[in-house]
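Architecture and fold: a report
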Amino acid sequence: KRSVDDRSDMGDRSTLPRSTRLGGFDAVSRVFRSGDGLRRGDVVARYFLGEPRPRAPVRVAFAVRRGKWSKPRRNRLKRLLREAYRHCRQSFERDVLPLDVTIDLVLLWSGSDEDARMASFPRTLSCVEAALSAVVRRLRTRPNDTEQSR
């Protein structure tokens, strides 16, 4: 068994480090209120370009709307999103790092009732990969701050 001390911020690849988790009502609300978003398959990626942070260029949260599904199904969908992001995280952060931005990201499950019942890891992984790639493409093509001020 692992002890609590073994679960450091940098070590275990099976968990997301605490510094990469987006938490708190205000932070998540800001992403939904002021951020941009896009949909790829069953996943909506909402993101907000935040203040520079030395520790983690990307902070992420996972969400499933309450109205449609039971708590166990919502938990399963969030686990699928979290696991898919964990698989894509290193390449996504590697792509974001040269862009010199920090991102608060919320991955939101938005599939239909049938999609939620049939949700599988490979399908969720492909949706998350597509959404993260689209975010990176959009960030690469965004106008520079100097061009916006003209």
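1. As for the pairing of strand β1 (residues 36-40)
- Relative to strand β2 (residues 43-49), β1 is paired through 5 bridges, and the arrangement is antiparallel. Looking across to β2, one finds that Leu 38 is bridged to Ala 45.
- Counted between consecutive antiparallel strands, the loop separating β1 from β2 contains 2 residues, among which Gly 41 sits at a positive phi close to 65 degrees.

2. Details of the nonpolar core
- Membership of the largest hydrophobic core comes to 35 residues, with the highest contact counts inside it found for Tyr 85, Phe 92, Leu 105 and Leu 107.
- Contributions of two or more residues to this core are made by β2, β3 (58-64), α2 (71-96), β4 (103-109) and α4 (121-140).
- Among the elements that make up this core, the one with the highest residue count is α4 (9 residues).
- In this structure, Phe 92 is in contact with Val 58, Tyr 85, Ile 103, Leu 105, Leu 132, Val 135 and Val 136, ignoring residues within four places of it in sequence.

3. Overview of the sheet that holds β4
- Taken in spatial order, the 4 strands of this open sheet run β1-β2-β4-β3, and their pairing is mixed. A single partner strand is all that each edge strand has here, and the edge strands are β1 and β3. Neighbouring strand axes in the sheet, compared pairwise and without regard to direction, differ in orientation by 20 degrees on average.
- With 7 bridges joining them, β2 and β4 adopt antiparallel strand pairing.

4. Things to note about unusual backbone geometry
- Here the phi dihedral of Asp 100 falls at roughly 55 degrees; this positive angle occurs in a residue that is not glycine.
- Along the chain, Asp 100 falls in the loop between α2 and β4.
- Judged by relative accessible area, Asp 100 falls into the exposed class, the value being 70%.

5. What about the confidence of the model for the protein chain?
- When pLDDT is averaged along the protein chain, the result is 84, and 86% of the positions lie at 70 or above.
- Predicted confidence for residues 146-150 stays below pLDDT 50, and this span has 1 contact to residues more than four positions away or in other chains.

6. Structural notes on the side chain of Arg 86
- Take Arg 86: it is sitting in helix α2.
- A distance of 2.8 Å separates polar atoms of two side chains, one belonging to Arg 86 and the other to Glu 83.

7. Focus: α4
- Its 20 residues give α4 an end-to-end C-alpha distance of 28 Å, which sits within 8% of 28 Å, the value for a rise of 1.5 Å per residue.
- Buried within α4 are the following residues: Thr 124, Leu 125, Cys 127, Val 128, Ala 131, Leu 132, Ala 134, Val 135, Val 136 and Leu 139.

8. Some points on the pattern of salt bridges
- Within this structure, the stated rule accounts for 8 salt bridges.
- Where Arg 30 meets Asp 104, a salt bridge forms, and the shortest distance between an N and an O atom there is 3.1 Å. Pair noted here: Arg 30 is in helix α1 (residues 25-34) and Asp 104 is in strand β4, with a separation of 74 residues, a long-range link.
- Judged by its relative accessible area of 27%, Arg 30 is partly exposed.
- Under the relative-accessibility criterion, Asp 104 is labelled buried at 1%.
- A salt bridge links Arg 89 to Glu 93; its shortest N-O distance comes to 3.3 Å. Remark: Glu 93 and Arg 89 occur in helix α2; sequence separation between them is 4 residues, near one turn of the helix. Of the two residues, Arg 89 and Glu 93, both sit in the buried class.
- Members of the salt-bridge network, linked through shared partners, are Arg 30, Arg 59 and Asp 104.

Quick notes on the rules
Residues numbered from 1 in each chain as written. Predicted model: local features only at pLDDT ≥ 70, side-chain atom pairs only at ≥ 80, totals over all residues. Heavy atoms only, no water. Pairing = 2+ DSSP bridges. Helix = DSSP H or I, 4+ residues; strand = E, 2+ residues; numbered from the N terminus. Core = buried A, V, L, I, M, F, W, Y, C linked by side-chain atoms within 4.5 Å. Buried < 20%, exposed > 50% of the residue type's maximum accessible area, 1.4 Å probe, protein only. Contact = heavy atoms within 4.5 Å. Axes fitted to C-alpha atoms, helices over the stretch in contact; angles between N-to-C directions. pLDDT = per-residue confidence, 0-100. Polar contact = N/O pair within 3.5 Å; in protein donor to acceptor, adjacent residues only side chain to side chain. Expected span 1.5 Å × (residues − 1). Salt bridge = Lys/Arg side-chain N within 4 Å of Asp/Glu carboxyl O.

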